[in-house]
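Coordinate analysis (summary)
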Amino acid sequence: MALTGMLLSIFLFAILYNVFSRKIDVPTCVPYTGTFKKPHIRKVDIQNYEVYAVAHMWAYDPDEITIPKGSTIALYLTSADVVHGYNIVLKGVNLMAVPGGVSKTIITFNDPGVYRVVCHEYCGAGHQYMMGKIIVTDKR
Ligand code: CUA
């Protein structure tokens, strides 16, 4: 019991430390409203974007997102079939795409480059081919 309590305290501390001290967003789940039957990217203003992404066997829609550096993406993610993952390599972003649910997180891209997105939840025969990319351009 004492060991369990100690481990729980360490996990809780690690989460709170990352959220408040390192300003890392903990992914949230928002209710599924069916608001994005059609995946799309919405430009809110010059540096804010909303991405409504759908994962399905074995691709993402949209599979390529291009934004200027310094942009912030509010990513809303769901799945059309089975559970998939959405791992933005080099950004430490790991989301699950769950059918009937929406995962949300907010990510800022300050450095230009190509950020690969890979599926990190085994989702069937084409799992290893499931990827996308986020292209951050040099101009603002
Ligand atoms: Cu989708 Cu693995």
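Residues numbered from 1 in each chain as written. Predicted model: local features only at pLDDT ≥ 70, side-chain atom pairs only at ≥ 80, totals over all residues. Heavy atoms only, no water.

1. Focus: a nonpolar patch on the surface
Inclusion rule: To count toward a patch, a residue needs a relative accessible area above 30% and no salt bridge. Like charges then connect within 9 Å, nonpolar side chains (Val, Leu, Ile, Met, Phe, Trp, Tyr) within 5 Å. A 1.4 Å probe and the Shrake-Rupley method give the accessible areas. Residues count as covered only by the protein chains that appear here. By definition, a salt bridge exists where a carboxyl oxygen of Asp or Glu is found within 4 Å of a side-chain nitrogen of Lys or Arg. A run of H or I in DSSP becomes a helix once it reaches four residues, and a run of E becomes a strand once it reaches two; helices and strands are each numbered from the N terminus.
The grouping of Leu3, Met6, Leu7, Leu8, Ile10 and Phe11 at the surface amounts to a nonpolar patch, some 630 Å² of accessible area in total. Structurally, Leu7 can be placed in helix 1 (residues 2-21).

2. A closer look at the packing of aromatic side chains
Under the convention used in this document: Side-chain rings of Phe, Tyr and Trp (the six-membered ring for Trp) are treated as a pair once their centres are within 6.5 Å; stacked means planes under 30 degrees apart, edge-to-face means over 60, and tilted covers the remaining angles. Only when the NZ atom of a Lys or the CZ atom of an Arg is both within 6 Å of the ring centre and within 35 degrees of the ring normal do we say a charge sits over the ring.
The tally for this structure, following the rule as stated, stands at four aromatic pairs. One Lys or Arg, Lys91, reaches over the ring of Phe109 and ends 5.0 Å from the middle of that ring.

3. Examining the pairing of strand 2 (residues 40-45)
Selection criterion: In short, DSSP must find at least two bridges between two strands for them to pair.
The pairing of strand 2 with strand 3 (residues 48-56) spans five bridges and is classified as antiparallel. Within strand 3, the residue paired with Asp45 across the bridge is Asn48. Counting the residues that bridge the hairpin from strand 2 to strand 3 gives two residues.

4. Considerations on unusual backbone geometry
Omega for the bond connecting Met57 with Trp58 falls within 30 degrees of zero, at -10°, which places this linkage in the cis form. Mapped onto the fold, Trp58 is located in the loop between strand 3 and strand 4 (59-61). Between Asp61 and Pro62 the backbone carries a cis peptide bond, its omega angle lying at 0°. Inspection of the secondary structure assignment puts Pro62 in the loop between strand 4 and strand 5 (64-68). Residues other than glycine seldom take positive phi values, yet Leu90 does so here, at roughly 75°. Positionally, Leu90 belongs in the loop between strand 7 (84-88) and strand 8 (93-97).

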